[in-house]
Amino acid sequence: MPKYTVPDFAAMQGKQKIVMLTAYDYAGAVMAETAGVDVILVGDSLGMVVLGYESTVFVTMQDMIHHTRAVKRGAKETFVVVDLPFGTFQTGLTDALRNAVHLIRETGADAVKIEGGEEVTEIIRHLSRSGIPVVAHVGLTPQTAVNLGGFKVQGKTVQDAQQIMQDAQAVADAGAFMVVLEAIPAPLAQRITERLKVPTIGIGAGPHTDGQVLVYHDLLGLFDRFTPKFVKQYAQMAKLGTEAIQNYVTEVKAGVFPAPEHSFSMKEEVLSRLY
Ligand code: KIV
């Protein structure tokens, strides 16, 4: 399957669902690509699920570069989007462009993602006009979750819902080729999806968006500090992994592992000459 490009996603809108998944390392990227994921997002959620931070605001450019390079080595045929971390685009158009170019050049990612609505439209316009494909992200934006009352569903009041609709329209008009809608009511996501000319990708936004995205660790049940309502765990890997490690601990303590089949033998004549 040849790698998708930006126009392919526009062509998929309304015809087939777009499947996005986050990945942060080589092994995860290989699994995502082999499983048929359309877009891999190297999300700054890596700060929480991989690096153990309380928030994504601590993620640096260097973190994103390190992880995106590993993902690219594992998923050579998949479209890869990389998050612009907190603080790398809010300081002005020049910084935003410099950082986006740096991320793309250093990693080989195909597009960048920026969190925010109307307040980031100038940045999105500047990057898109400079030739950088941009994915926008509105609704619950984890980098600014503190301002939104925490990791909570957004757009429940008329005013908030209207603001999110305006945000989605504004980022699309500014040149974003795809818009992530996070943690908003399904009917609101449907309304936005019907209006936008670019595909919407939902996470906690119901079934009517043009595609879906999940965090790798949530899907696999690898991150059990908290599980948002919108997550479906397709496996319980944290439980499985802990059980496997417990078995390893028990077997090493008991002298059961390694067994003969895990050990290398030596010819008796070689061994006898050692003494
Ligand atoms: O960082 C991330 O993983 C994201 C997704 C939740 C969309 O932004």
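Predicted, not measured: the structure shown is a model, and the values here were computed from it.

(A) Representation of the overall build of the protein. The number of helices and strands found in the protein is eleven helices and eight strands. Dimensions along the principal axes, computed over C-alpha positions, put the protein at roughly 80 × 35 × 35 Å. By residue count, 47% of the 275 residues in the protein fall in the buried class. Sequence separation of 24 or more characterises 58% of the internal contacts of the protein that already satisfy a separation of 6 or more. Positive and negative charge centroids in the protein, built from 24 and 29 side chains respectively, lie 2 Å apart.

(B) Inspection of the site of the ligand at higher detail. Lining the immediate environment of the ligand, one finds Thr 22, Leu 41, Gly 43, Asp 44, Ser 45, Asp 83, Lys 113, His 137, Glu 182, Ile 203 and Val 215. Asp 44 has a polar side-chain atom sitting 3.1 Å from an oxygen atom of the ligand. Between the ligand and Lys 113 there is a distance of 2.8 Å, counted from an oxygen atom to a side-chain nitrogen or oxygen. Summarising the interface, the protein chains cover 97% of the accessible area of the ligand, which totals 260 Å² for the free molecule. A majority-of-atoms criterion places the ligand in the largest pocket. A breakdown of the residues in the shell around the ligand according to their chemical character gives three nonpolar, four polar and four charged.

(C) Examining a nonpolar patch on the surface more closely. Taken together, the side chains of Ile 245, Tyr 248, Val 249, Val 252 and Phe 257 make up a nonpolar region of the molecular surface, amounting to roughly 450 Å² of accessible area. In this fold, Phe 257 is placed in the loop between helix H10 (237-254) and helix H11 (268-272). Of the residues examined, Phe 257 reaches a relative accessible area of 32% and is grouped as partly exposed.

(D) Summary view of the packing of helix H5 (residues 93-107) against helix H6 (residues 121-129). With their axes 10 Å apart at the nearest point, H5 and H6 run at an angle of 50° to one another. Between H5 and H6, the angle falls in the class oblique. Between H5 and H6 lies a crossing whose hand is right-handed. Residues Leu 93, Ala 96, Leu 97 and Ala 100 of H5 touch H6, and the partners they reach there are Glu 122, Ile 123, His 126 and Leu 127. Across the contact of H5 with H6, the residue classes break down as six nonpolar, one polar and one charged.

Definitions and cut-offs
- Each chain carries its own residue numbering, running from 1 in the direction its sequence is written.
- Selection of residues for local features in this predicted model requires a pLDDT of at least 70, selection of side-chain atom pairs for listing and counting requires 80 or more, and totals for whole chains, interfaces and linings are taken over all residues.
- Side-chain metrics rest on all non-hydrogen atoms present in the structure, leaving aside hydrogens and water.
- By definition, any uninterrupted DSSP run of H or I lasting at least four residues is a helix, any uninterrupted run of E lasting at least two residues is a strand, and each is numbered from the N terminus.
- Only protein chains enter the accessibility calculation, which uses a 1.4 Å probe; a residue whose area is less than 20% of its type maximum is buried, one above 50% is exposed, and one in between is partly exposed.
- By definition, residues are in contact when any of their heavy atoms lie within 4.5 Å.
- By the counting scheme adopted, Arg and Lys are positive, Glu and Asp are negative, and His together with the chain ends is not counted.
- Think of each charge as sitting on NZ of Lys, CZ of Arg, CG of Asp or CD of Glu.
- One heavy atom within 4 Å of a molecule or strand makes the whole residue count as near it.
- Two N or O atoms count as a polar contact when they lie within 3.5 Å, although within protein this holds only if one can serve as hydrogen donor and the other as acceptor, and sequence-adjacent residues are included solely when both atoms are side-chain atoms.
- Only the protein chains shown count as cover for residues, with accessible areas throughout obtained via the Shrake-Rupley method and a probe of 1.4 Å.
- As defined here, a cavity is a set of points on a 1 Å grid over the protein atoms alone where a 1.4 Å probe fits but cannot get out. A pocket is an open set with protein on both sides within 12 Å along at least five of seven lines, and residues line them when an atom is within 4 Å of a point.
- To decide whether a molecule occupies a pocket or cavity, check its atoms: if more than half lie within 2 Å of the grid points, it is inside.
- Three classes are used, and their members are as follows: Ala, Val, Leu, Ile, Met, Phe, Trp, Tyr, Cys and Pro are nonpolar, Asp, Glu, Lys and Arg are charged, and the others, Gly among them, are polar.
- A patch consists of residues whose relative accessible area exceeds 30% and which take part in no salt bridge; residues with like charges are grouped when within 9 Å of each other, and nonpolar side chains (Val, Leu, Ile, Met, Phe, Trp, Tyr) when within 5 Å.
- By convention in these notes, a salt bridge is any Lys or Arg side-chain nitrogen within 4 Å of a carboxyl oxygen on Asp or Glu.
- Comment: axis = line fitted to C-alpha atoms, over the contacting stretch for helices; angle = value between 0 and 180 degrees taken between N-to-C directions.
- If an angle is under 35 degrees, it is roughly parallel; if it is over 145, roughly antiparallel; if it lies from 65 to 115, roughly perpendicular; otherwise it is oblique.
- Handedness of a crossing is defined here by the sense of rotation of the near helix relative to the far one, left-handed for an anticlockwise turn of less than a right angle and right-handed for a clockwise turn.

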